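Structure at a glance
Spelled out, the chains give:
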Amino acid sequence: MKLFKLLTLVVLFLATGLGHSQEKEEERVPGHYNNNPFKQLYEEFSTPNQYRSASGAPGPAYYQQQADYVMDIELDDKNKKLMGYETITYTNNSPDVLDYLWVQLDQNMRARDSKTPLIQSSGAAPADMAGNFVNQYMGEGFDGGFNIQEVKDANGSNLVYTINRTMMRIELPESMETGDQFKFSIRWWYNINDHVNGRGRSGYEEFEDGNRAYVIAQFFPRMAVYNDVEGWQNSQFWGRDEFALVFGDYEVNITVPSDHILDGTGELQNRKEVFSKEMIKRYAQAKKSYEEPVIIVSQEEAELASKGFSTDKKTWKFKAKNVRDYAFASSRRFIWDMMAVKLGDRDVMAVSMYPKEGNPLWEDWSTKVVASTLISYSRMTFDYPYPKAISVHAKNQGMEYPMICWNYGRPDEDGTYSDRTKYGMFGVVIHEIGHNYFPMIINSDERQWTWMDEGINTFVQYIAEQDFGEKYPEAIAPNKKYPSRRGPAKNIVGYMSGDQSRIAPIMTKGLNTYNFGANGYSKPGTGLNILRETIMGRELFDYSFKTYANRWIFKHPSPEDFFRTMEDASAMDLDWFWRGWFYTTNVVDIGVQDVKKYYVTSKMNQQVKQMMNARGMKESDLPPLVYLVEENSEDFDESMRNSTLDDVTTLQEYIMDNLSPEERMNLKKPTFFYEVTFEKLGGLPMPIIAEYTYSDGSSERITYPVQIWKTSDKSVGKVIASDKEITKIVIDPDEETADIDTSNNTWPKRKKLGQFDSFKKNSIKN
Amino acid sequence: MKSNLKIIVFCLLIFTFFTGFVAHKFYVSTTKVEYVKERKSIQIISKIFVEDLEQLLQERYSSRVQLDPKKETDLDQSYLLNYISQKLKFKINEKEAQLIYIGKEYDIDILNIYFEIEDVDSLKSIRIENKILIDLFPEQQNIIHFSNEKNKRNLILDKNHPTGLLNFN
């Protein structure tokens, strides 16, 4: 009986902790579902199956479709028209029988009957310029969109098709069984838009000399993805959202004016026909140049070519293996340079094409940025598997396609440029080249999950930016580190602390988010950076991230495949992080609520006395106990301040009776005891990174794993025993957790000099 | 000049979001407003994308305006301050307040502009009108983060609701 009472009492001490002994009045509270932030994601995740394993890897029955293209394309520079004839060989690898195919017609977003303008909300202006009014309400607008001339099967018979805006359904003459192939052709043309004044991802920029630089993409009817998760991915194209496409092999012949310089996805098959002898010589040099780019077409040569306006034609022939799309750029005005990059035992070409308006910035940096990016991404995932990566300078836009991308960053007319232009250009080249990995090779459904390509890519972009800054310090001087806009945790605080009604969870279809850039790019990118630096550590994170990349190379991953792989390869339960960071709009806000100082004594304190009395026990019923007395409690007396552990009789007796002289020598002798209470005001759990500073000026950092919050969501206590007095506690001292309110992160409360005050102070000084 | 403006306005209306990667992708500015009672001061920091602001000043005043710390002229600065003072207005306790310009700093693609309102003994209400950039970008959202010792409040101001009121009674 006595023993039982004793145990209960001890359990009671332990359970209540030091200061929390107040008994609550019981109210009848209704039951509830499991709302714990650490609850596993079984309800949110789809059930693993034969196609997608619980480990996050492709399952034993994983399949994907294949679409191979043979295309003849002609660019009519004079009439700004693009014409094409394509033959698609589609292979059904799915276990399903297909009765029809879906083909994407992105250009129809620009058609006169496009519904894209109709979903833009607009307000009536009280007054408008006449010309503006005409344009907006009376004009016909640009005559864009595909003109589909024919859709035929291999025998030349017409196929029945239906166009629903940006999607075309083609009826199959016979259902396709597993393993069946179907070959069909489409002949089409469309008017090319001005991508600068009309804003677009594809189109031309017109220069004062009458020349145009074409960056051509999303330009041909493309097979939609059919897979085990969504069936046909035929969600309409509204303009902002991107896309997912089927892998396949491409054979593309592009006919352009004979004085154009052209590059595109794939390997050039007829270099001798389209290059001059001099260009071939320079190309051979470039293939051996690993440090500096070699000019293939110089500015002088491009300026000369710009005067020609040849009516002759030239056909550039390419082959590309295992790509999900095709794009090219063509102009008389292009300057062209290249260098080689060694990745493993392979050489890859880093390439840039730009009009003279890009210089000197582009000649100095574009190709080096490409090369550096390929090296960084290869380290984080796998060696870049394609033969080349091209950065094309297009005014005002950045957009990615396999092996080729468009990037902004234009100096002023006198050739000078601001830091904003320079870092804008570095950042966009790194980002778009990086997209070769996500989603061109690790091919997630962009239209559904923006974060899977943009967010993951933004994360690796941050690493590549930092690498680039280290490799080329002269490019970022006088900065010591590359000033990345997205990646560092504290840069996301502004977004996450905003109005909750205007924030969507990351796990939202891209088109339906309020702040696309922050939601699809910054927040997921930052989240992965926090995972890597703060939660998992680089070693575990990098291994798992690499595993994800290699499991899904040239495949179609879903969000769960990423989440599951990160846990599967690291033995870390991250469901709480996925839930909090990706599935909710919760925020991090952790602070120091209270710090209490305690002294050790052998004299029983009031708290224990009360407990004993309530249970009818006497002091003699207890074994020798050590008591903690809070500085501000009635048990405290001033003499305790100077007492040491040696003065605590119960403790000394225990030590003498139980420990050998040697063991006694090694005992620590803490003299200061603190109970620190951490509060969690945000819904998102996070490890507590606490930095304790002591009276002798030394400091130590303790990271309490996130699981500290597992059963107590609002506050947790920690006892610190030390032989030195604590003078300061700072939570998250390096601002690495995206804590939205750092005013409660310091004890004793100390207001940091805010941005305003420090600015004002400096401006007065100057 | 005029026709250039109309084309841009028209196009932006439709295709503002039309790229795979832009620096900000969405037209947003944020303004931090903090009332520091012991100093009777309201501290204001507006963060605005330089690219948008430069484009606006070029359309509105002169195509030569450059918001680049290396090139900016006194005239450019006066255009800027003139514009901001027309578009950013505060009423404290329903009385027009004077914004004292403290200074500005470039953070690569973002411009931080500092203002202060002095002699605010007590704060019963604060009415903020922020029409910055709305005359060129109809989608522009100007977000206000207000804080004092006790409160944190947000306002989202846009074309249809350019003014917001915070009451502290």
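Please read all numbers here as calculations on a predicted model, not as lab measurements. (Residues numbered from 1 in each chain as written. Chains lettered and ligands numbered in written order. Predicted model: local features only at pLDDT ≥ 70, side-chain atom pairs only at ≥ 80, totals over all residues.)

**Some words on the overall build of chain B**
Check the secondary structure of chain B and you find three helices and ten strands. Tracing chain B from N to C terminus, the helices and strands come up as α-β-β-α-α-β-β-β-β-β-β-β-β. (Helix = DSSP H or I, 4+ residues; strand = E, 2+ residues; numbered from the N terminus.)

**Points about the overall build of chain A**
Counting its regular elements, chain A contains 19 helices and 31 strands. In terms of overall dimensions, chain A has C-alpha extents of about 110 × 65 × 65 Å along its principal axes. In chain A, buried positions account for 41% of the 766 residues. (Buried ≥ 20, exposed ≤ 12 C-beta atoms within 10 Å, placed from the backbone.)

**Quick word on the packing of helix α7 (residues 419-434) of chain A against helix α9 (residues 450-471) of chain A**
Packed helix pairs are characterised by how far apart their axes lie and by the angle those axes make with each other. Residues and elements named next belong to chain A. Relative to each other, α7 and α9 sit at 125°, their axes nearing to 9 Å. Taken as axis vectors, α7 and α9 run oblique relative to one another. Of the two possible hands of crossing, α7 and α9 adopt the one that is right-handed. Here α7 contributes F426, G427, I430, H431 and G434 to the contact with α9, which in turn contributes N457, V460, Q461, A464, E465 and F468. Split by residue class, the contact of α7 with α9 holds five nonpolar, five polar and one charged. (Axes fitted to C-alpha atoms, helices over the stretch in contact; angles between N-to-C directions. Parallel < 35°, antiparallel > 145°, perpendicular 65-115°, else oblique. Left-handed = near helix turned anticlockwise from the far one by under 90°. Contact = placed C-beta atoms within 7 Å. Nonpolar A, V, L, I, M, F, W, Y, C, P; charged D, E, K, R; others polar.)

**Observations regarding the domain arrangement of chain A**
One frequent convention defines the size of an interface as the accessible area lost when the parts assemble. Split by domain assignment, chain A resolves into domain 1 (66-120 + 139-448) and domain 2 (587-766). For domain 1 of chain A versus domain 2 of chain A, the distance between C-alpha centres works out to 61 Å. (Domains from an automatic or database assignment.)

**Structural notes on the pairing of strand β9 (residues 212-216) of chain A**
Residues in a regular strand project their side chains so that they alternate between the two faces of the sheet. Residues and elements named next belong to chain A. Among the five residues in β9, five count as buried, and that is most of the element. Alternating residues of β9 divide into R212, Y214 and I216 and A213 and V215, and every residue in both groups is buried. Across four bridges, strand β8 (residues 203-206) lies against β9 in antiparallel orientation. From the neighbouring strand, Y204 faces β9, where its bridge partner is Y214. Counting the residues in the hairpin turn of β8 and β9 gives five residues, including G210, whose phi is positive at 90°. Where β9 lies against strand β18 (residues 328-331), three bridges are found, and the strand directions are antiparallel. Within β18, the residue paired with Y214 across the bridge is S330. (Pairing = 2+ DSSP bridges.)

**What about the sheet that holds strand β29 (residues 715-722) of chain A?**
Residues and elements named next belong to chain A. Strand order in the open sheet formed by four strands is β25-β24-β26-β29, and the pairing between neighbours is antiparallel. Two strands in the sheet have a free side with no partner beyond their single neighbour: β25 (627-630) and β29. For this sheet, the mean inter-axis angle between neighbouring strands, taken without regard to orientation, is 35°. Relative to strand β26 (residues 672-680), strand β24 (residues 590-601) runs antiparallel, the two being bridged by eight bridges. Its bridge partner being in β26, I590 is matched across the sheet by K680.

**With respect to helix α3 (residues 74-87) of chain B**
Residue and element names in this part refer to chain B. When the terminal C-alpha atoms of α3 are compared, their 20 Å separation across 14 residues agrees well with the 20 Å that a helix rising 1.5 Å per residue should span. Turning to α3, its buried residues number three or more, namely Y79, L80 and Y83. The arc enclosing the buried residues of α3, seen along the axis, measures out at 95°, which places them on a common side. For α3, exposure combined with an orientation more than 90 degrees from the buried face picks out D74, S78 and S85. Of the surrounding secondary structure, the elements contacted by the buried residues of α3 are α2 (50-60). (Expected span 1.5 Å × (residues − 1). Arc of directions from axis to C-beta.)

**Describing the packing of helix α12 (residues 516-536) of chain A against helix α13 (residues 538-551) of chain A**
Residues and elements named next belong to chain A. Contact pair α12 / α13: the axes reach a minimum separation of 7 Å and the direction vectors enclose 140°. Classified by the angle their axes make, α12 and α13 are oblique. Note on element contacts: α13 touches α12 through R538, L540 and F541, opposite L531, R532 and M536. Considering only residue class, the contact of α12 with α13 consists of four nonpolar, no polar and two charged.

**With respect to the confidence of the model for chain B**
All names here are of chain B. Averaged over all residues, the pLDDT of chain B is 85; the fraction at 70 or higher stands at 85%. Helix α1 (residues 2-15) is the least confidently modelled element of chain B, averaging 38 in pLDDT, while strand β3 (residues 88-92) averages 97, the highest of any element. A low-confidence stretch, residues 1-24 (pLDDT under 50), is modelled with 58 contacts involving residues beyond four sequence positions or located in other chains. Per the prediction output, this complex has pTM 0.90; the corresponding ipTM is 0.82. (pLDDT = per-residue confidence, 0-100.)

**What to know about the sheet that holds β9(A)**
Residues and elements named next belong to chain A. Reading across from one edge, β8-β9-β18-β14 is the order of the four strands in this open sheet, with antiparallel pairing throughout. Strand pairing shows two members of the sheet lacking a second neighbour, β8 and β14 (261-264), which therefore form its edges. Along the sheet, successive strands turn relative to each other by an average axial angle of 10°, direction set aside. The sheet contact formed by β14 and β18 spans four bridges and is antiparallel. Looking at β18, one finds that G264 is bridged to F328.

**Considering unusual backbone geometry**
Residues and elements named next belong to chain A. P439 follows F438 through a cis peptide bond whose omega is 15°. In the segment running from A477 into P478, the intervening peptide bond is cis, with an omega of 5°. Among the structural elements, P478 can be located in the loop between α10 (473-476) and α11 (493-496). Phi at F554 takes a positive value of approximately 55°, unusual for a residue other than glycine. Relative to the assigned elements, F554 resides in the loop between α13 and α14 (559-568). Overall, the presence of 14 C-beta atoms within 10 Å leaves F554 in the partly exposed class. Despite not being glycine, A738 has its phi angle at roughly 65°, a positive value. Tracing the chain through its elements places A738 in the loop between β30 (726-731) and β31 (746-747). Given 28 C-beta atoms within a 10 Å radius, A738 is considered buried.

**A short note on the nonpolar core**
Judged by nonpolar contacts, the single largest core of 168 residues is most densely connected at A350(A), L374(A) and A389(A). With residues near it in sequence (within four places) discarded, L374(A) still touches V341(A), L343(A), V348(A), A350(A), Y384(A), A389(A) and I433(A). Among the nonpolar cores identified, the runner-up in size contains 36 residues, and Y35(B), I44(B), Y83(B) and I126(B) belong to it. (Core = buried A, V, L, I, M, F, W, Y, C linked by C-beta atoms within 7 Å.)

**Some remarks on α7(A)**
In a regular helix each residue adds 1.5 Å, so 16 residues correspond to 22 Å; α7(A) covers 22 Å between its end C-alpha atoms and thus fits that length. Counting buried positions along α7(A) yields 14 of 16 residues, so the element is predominantly enclosed.

**Brief notes about the environment of V730(A)**
Residue and element names in this part refer to chain A. Note that V730 resides in strand β30. Sequence separation between V730 and W102 is 628 residues, and the spatial gap between their C-alpha atoms is 57 Å. If we ignore the near neighbours within four places in the chain, the residues touching V730 are E691, N745 and T746.

**Thoughts on the environment of Y63(A)**
Residue and element names in this part refer to chain A. Structurally, Y63 can be placed in the loop between α1 (2-16) and β1 (66-76). On the neighbour-count criterion, Y63 (20 C-beta atoms within 10 Å) is buried. For Y63 and Y51, which are twelve residues apart along the polypeptide, the C-alpha to C-alpha distance reads 7.2 Å. Residues within four places of Y63 in sequence aside, it is in contact with N93 and S94.

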